[in-house]
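Remarks on the overall topology
One letter stands for each residue in the lines below.
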Amino acid sequence: MTSLLEQPGYDEEKLQMVAEQLLCREDQAGLLLSLMGQPQQYCYPSIFIYGHQASGKSHVMHVMLKELELPHAIISCVECVSSSLLFELVLFSFFGSEASSLLPRSPSLSDFVRIYRQQCLQAPATQTRYIVMEKAELLRDADANLLPALLRLQELDNVSVILLSEISWDKFRPNTGCFEPLLLHFPDYSKGDLHQILSQDSHPKYSDDFYSSYINILLGVFYTVCRDLRELRHLVRHTHTHTVKETDTHKLWRNIEPHLKKAMQTVYLREVSSVQWEQMQQMEEKEAGALRGLSAHTHVELPYYSKFLLVAAYLASYNPARTDRRFFLKHHGKIKKTNFLKKNEKTSNHLLGPKPFPLDRLLAIFYSVVDSRVAPTASIFSQISSLVTLQLLTQVSHDDQLDAPKYKCAVSLDFICAISRTVNFEIVKYLYDFL
Ligand SMILES: Nc1ncnc2c1ncn2[C@@H]1O[C@H](COP(=O)(O)OP(=O)(O)O)[C@@H](O)[C@H]1O
Ligand SMILES: [Mg+2]
């Protein structure tokens, strides 16, 4: 049973659809809806939604804006590495490609404001437009003027900015002062909430009762160590596919138990995090296209050189360092094949898992791989740290070597193959294990 969302000006059926998808977030959705008011009324200029990872911030916003068919632009601050991309996306979403093409090269904030205002004169908002900033905490690293400007964008027209953040506003607020957004907190889901939400995607093969008690067992095992809905959903999907007929409970349990045990050991140590897993699922769905794997719109889209950095990191993690000369030196002279492929080295490097490598080795491979596609030096280091933030690379600290950080590549072979394809790099040709 879902409680009702009510707000004049919106289609009741649509509100019902929203409510059905927002289990355990009815209060937050209701509050948001009353802040938004009727579609043509002005909403509060800026709303700051704060909550831990997987507390449903993005989900709530996506569902509401999509189902209620409100004009919106969803901006991921991870993807918008520069403010010009942000400006472009906003103008494009609201006014189309002609508007975004009016932006000059490396546009300033005032260029954006000028064009936005000009477009609004031609096409004033008949209902509130929404800009949703995902991972808004990254805005703290952007130009200092950007955040204060976004918070009061409404001075231009009927537009509201919604910031989604895992960091509270107190730690976020620029110390120069700015217009204060309205704060909205998304608490963590309780055990009961998680049960309700997870029970929703029950499997046609099983009865609702069975599924519900299955979720119960799973939560009983995992709730103390993991409360992340995304992680849990990943577990549910990966364990129940191994189950058999629901009547044979004994066999059933025997089947699930080892998977639970394994999952318990690896819940935070998996090579592929649940976020990546979700992205990979999305990628698989899109595999039909010529660029199999990563479309420009999946969340995994990385900047061009970051992809090469990740490829280089993968090579550094899985190739023995002594083979670098053979792979990456154009004129490596004669290296006898027999020397190169040591007979006694039987174990696959992929089985052993990623090995740490120093920064200079990464850069050497990177520059060799990028080759003629000139790489800018300045941004490389910031891209490396972005990859670490995204958990695609992990930094391995050595207490005795503080100044020489080492890294490990944390993505799977499938993942790196998909990435390589988008930049036309045949990674298998460079992997020692596959020679
Ligand atoms: N109330 C809910 N009902 C169904 N699925 C949900 C709900 N809340 C979150 N999810 C799902 O859980 C995952 C994490 O939620 P998300 O909105 O991305 O979290 P956040 O943006 O707060 O980090 C997503 O796959 C989302 O679809
Ligand atoms: Mg989110």
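Cut-offs used in this document
Residues numbered from 1 in each chain as written. Chains lettered and ligands numbered in written order. Predicted model: local features only at pLDDT ≥ 70, side-chain atom pairs only at ≥ 80, totals over all residues. Heavy atoms only, no water. UniProt positions renumbered as here; feature names shortened; annotations may be inferred. Phe/Tyr/Trp six-rings, centres within 6.5 Å; stacked < 30°, edge-to-face > 60°. Buried < 20%, exposed > 50% of the residue type's maximum accessible area, 1.4 Å probe, protein only. Lys NZ or Arg CZ within 6 Å of the ring centre and 35° of its normal. Helix = DSSP H or I, 4+ residues; strand = E, 2+ residues; numbered from the N terminus. Contact = heavy atoms within 4.5 Å. Salt bridge = Lys/Arg side-chain N within 4 Å of Asp/Glu carboxyl O. Axes fitted to C-alpha atoms, helices over the stretch in contact; angles between N-to-C directions. Parallel < 35°, antiparallel > 145°, perpendicular 65-115°, else oblique. Left-handed = near helix turned anticlockwise from the far one by under 90°. Nonpolar A, V, L, I, M, F, W, Y, C, P; charged D, E, K, R; others polar. Pairing = 2+ DSSP bridges.

Going by the annotation in an unreviewed UniProt entry, the name recorded for the chain is Origin recognition complex subunit 5, with Cynoglossus semilaevis given as the source organism. One UniProt comment on the chain, placed under Subcellular location (unreviewed entry), says "Nucleus". In its Sequence similarities (unreviewed entry) section, the UniProt record describing the chain reads: "Belongs to the ORC5 family."

The next subject is the packing of aromatic side chains. Applying the stated criterion across every chain, the model contains 16 aromatic pairs. For the pair Trp169 and Phe172, a centre-to-centre distance of 5.6 Å together with 20° between the ring planes defines the contact as stacked. In this structure, Trp169 and Phe172 share a single accessibility class: buried. Judged by centre distance (5.2 Å) and plane angle (75°), the rings of Tyr304 and Tyr305 are edge-to-face. Overall, the relative accessible area of 17% leaves Tyr305 in the buried class. A cation over an aromatic ring shows up here: Arg129 above the ring of Phe94, its NZ or CZ 5.8 Å from the ring centre. Lying over the aromatic face of Tyr223, Arg227 brings its terminal NZ or CZ to 4.1 Å of the ring centre.

The subject of this paragraph is the side chain of Ser55. Of note, Ser55 is situated in the loop between strand E1 (46–51) and helix H3 (57–67). Not counting chain neighbours up to four residues away, the residues in contact with Ser55 comprise Arg25, Phe186, Pro187 and Tyr189.

Here the focus is H3. Taken together, the buried positions of H3 are occupied by Lys57, Val60, Met61, Val63, Met64 and Leu65. Within two residues after H3, Glu69 carries a phi angle of roughly 50°, on the positive side.

Our next topic: the side chain of Ser317. Within the secondary structure, Ser317 sits in helix H13 (residues 304–318). What makes Ser317 buried here is its relative accessible area of 2%. In this view, Ser317 contacts Gly353, Pro354, Lys355, Phe357, Lys408 and Cys409; residues no more than four positions away in its chain are not counted.

Per the stated rule, a full pass over the model turns up 10 salt bridges. The closest approach of N and O atoms between Asp111 and Arg114, which form a salt bridge, is 3.2 Å. Here Asp111 and its partner Arg114 are both found in helix H6 (residues 109–122), 3 residues apart, which amounts to about one turn of the helix. Arg114 gets classed as partly exposed once you look at its relative accessible area, which sits at 45%. Note that Lys429 is salt-bridged to Glu426, the shortest N-O span being 3.6 Å. Each of Asp170, Arg173 and Glu180 takes part in salt bridges that share partners, so that together they form one network.

Across the interface, helix H17 (residues 359–370) lies against helix H18 (residues 380–389) with an axial gap of 13 Å and an inter-helix angle of 110°. Relative to H18, the element H17 is oriented roughly perpendicular. Both H17 and H18 take part in a crossing whose hand is right-handed. In this structure, H17 uses Leu359, Leu362, Leu363, Phe366 and Tyr367 to contact H18, whose residues at the interface are Ile380, Phe381 and Ile384. In the contact of H17 with H18, the residues fall into 8 nonpolar, no polar and no charged.

This next bit is on the sheet that holds strand E8 (residues 406–409). Backbone-to-backbone hydrogen bonds join strands into a sheet, with any given pair of strands oriented parallel or antiparallel. One open sheet accounts for 3 strands, arranged E6-E8-E7; its pairing is antiparallel. With one partner strand each, in any of the chains shown, strand E6 (357–358) and strand E7 (393–396) form the two edges of the open sheet. Pairing of E6 with E8, which is carried by 2 bridges, proceeds in the antiparallel orientation. Counterpart to Pro358 in the pairing with E8 is Lys406.

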